Amino acid sequence: MAAVRPVVGGVLPFGVDALDARIADHGLALGGLHEVSPATPTLSDDAAATLFAVGVAARAAAANGRRVLWALTRFDLYAPGLEQAGLDPATLLFVEARDDKDVLAVMEDGLRHGGLAAVVGEVKHADMVATRRLQLAAMSGGAPALLSRRWRRQGVDPLSDLSAAMTRWRIACAPSARLPAPGVGRPRWTVELARQRGGPGFTLELEACDATGRLALPAAPRDRAVAADRAAARAA
């Protein structure tokens, strides 16, 4: 039997067996740095990556009742979108910093404080030294650091930089399944764990965050049909 690695501060599982089973720690280490990036520089993928981070932060906040710190250089978050992914804007502390360096400094201070559910930061560049400092700060405070890496320029993958992060995620929009009845289906994402400590990467197609910040496996066609029939019966 393989030895279980000790994880500082515990683990926040996604609650999706097909996903948690492939993560070395069976969830996100709470005392660790985790990076998220859109698969392409499109607005749709950028929004998907942001909402992925929102979902993680929302579940961390729900688990301990603490607030979330979000640092960025340009305030472009949409409050109703945050709520739809499970994060009440009233639980957020926003810091609008001058540049990436200041964002990273704010994140480090917030993590070392030890009283936050999660610390999120949006940057275009963070080197190995900066990510190592965030990893150590996350371990010290026991809260997850979620670093959103934005695209700097076309053709340069944000995750190509070296990093001390425990996990590195790449998120893209995927086509929603056709519904058997008129309506809009739950959005889908292609979720790629590009790198993780202690295990291989993988890719899954998942349904986007619900109102509690949780992802889900796409329903099988028969399950979708049954759900649609039940919805039609309730509406009748």
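A brief structural summary.

Conventions we followed
Residues numbered from 1 in each chain as written. Predicted model: local features only at pLDDT ≥ 70, side-chain atom pairs only at ≥ 80, totals over all residues. Heavy atoms only, no water. Helix = DSSP H or I, 4+ residues; strand = E, 2+ residues; numbered from the N terminus. Contact = heavy atoms within 4.5 Å. Areas by Shrake-Rupley, 256 points an atom, 1.4 Å probe, with all protein chains shown as cover. Salt bridge = Lys/Arg side-chain N within 4 Å of Asp/Glu carboxyl O. Buried < 20%, exposed > 50% of the residue type's maximum accessible area, 1.4 Å probe, protein only. Phe/Tyr/Trp six-rings, centres within 6.5 Å; stacked < 30°, edge-to-face > 60°. Axes fitted to C-alpha atoms, helices over the stretch in contact; angles between N-to-C directions. Parallel < 35°, antiparallel > 145°, perpendicular 65-115°, else oblique. Left-handed = near helix turned anticlockwise from the far one by under 90°. Nonpolar A, V, L, I, M, F, W, Y, C, P; charged D, E, K, R; others polar. Core = buried A, V, L, I, M, F, W, Y, C linked by side-chain atoms within 4.5 Å. Pairing = 2+ DSSP bridges.

Remarks on the overall build of the chain
Along the chain, the regular secondary structure elements total six helices and ten strands. In the chain, the proportion of contacts linking residues at least 24 apart, taken out of those at least 6 apart, comes to 65%. Accessible surface, the chain as shown: approximately 11700 Å² in total, 57% of it carbon and sulfur.

Here we look at the pattern of salt bridges
Side-chain pairing between opposite charges can occur once the charged atoms of the two side chains come close. A full pass over the atoms with the stated rule returns 16 salt bridges. A salt bridge links Arg98 to Asp102; the nearest nitrogen and oxygen atoms lie 3.4 Å apart. In this structure, Arg112 and Glu108 form a salt bridge, with 3.4 Å as the shortest nitrogen-oxygen distance. Remark: Glu108 and Arg112 occur in helix H4 (residues 100-113); sequence separation between them is four residues, near one turn of the helix. Note on Arg112: relative accessible area 41%, which makes it partly exposed. Linked through salt bridges whose partners overlap, the residues forming this network are Glu35, Arg149, Arg152, Asp161 and Arg168.

Looking at the packing of aromatic side chains
Summed over all chains, the structure comprises five aromatic pairs. When the ring of Phe14 is compared with that of Phe52, the centres are 5.9 Å apart and the planes differ by 35°; the resulting orientation is tilted. Linking Phe14 in the loop between strand S1 (11-12) and helix H1 (17-20) with Phe52 in helix H2 (residues 43-64), this pair joins segments that are 38 residues apart in sequence. Its relative accessible area of 2% is what places Phe14 among the buried residues. Within the aromatic cluster, the residues linked to one another by ring pairs are Phe14, Phe52, Trp169 and Phe202.

Remarks on the packing of H4 against helix H5 (residues 128-141)
Look at H4 against H5: their axes get within 7 Å of each other, and the N-to-C directions meet at 20°. Classed by the angle they form, the pair H4 and H5 counts as roughly parallel. As H4 runs across H5, the sense of the crossing is left-handed. Contacts between H4 and H5 involve Leu104, Met107, Glu108, Leu111 and Arg112 from the first element and Ala130, Arg133, Leu134, Leu136, Ala137, Ala138, Ser140 and Gly141 from the second. A class-by-class count of the residues in the contact of H4 with H5 yields eight nonpolar, two polar and three charged.

Observations concerning the nonpolar core
One finds Phe14, Leu19, Phe52, Trp169, Ile171, Trp189 and Leu215 to be the most contacted residues of the largest nonpolar core, which totals 40 residues. Broken down by secondary-structure element, the contributors of at least two residues to this core are H2, strand S4 (68-72), strand S6 (118-123), strand S8 (167-174), strand S9 (188-196) and strand S10 (202-207). Broken down by element, this core gets its largest block of residues, nine residues, from H2. Discounting chain neighbours no more than four positions away, the residues touching Phe14 are Leu19, Asp20, Ile23, Leu28, Phe52, Val56, Arg59, Trp169, Arg214 and Leu215.

Focus: the pairing of strand S3 (residues 33-38)
Two faces belong to every sheet, and in a regular strand the side chains alternate between them. The buried count for S3 comes to six of six residues, which makes it a mostly enclosed element. Of the two faces of S3, the one carrying Leu33, Glu35 and Ser37 and the one carrying His34, Val36 and Pro38 are both buried. Taken together, the four bridges between S3 and strand S7 (residues 145-149) define a ladder with parallel strand orientation. Paired with His34 across the strands is Leu146, a residue of S7. Pairing analysis gives five bridges linking S3 to S8, with the strands arranged parallel. Of the residues in S8, the one forming a bridge with Glu35 is Arg168.

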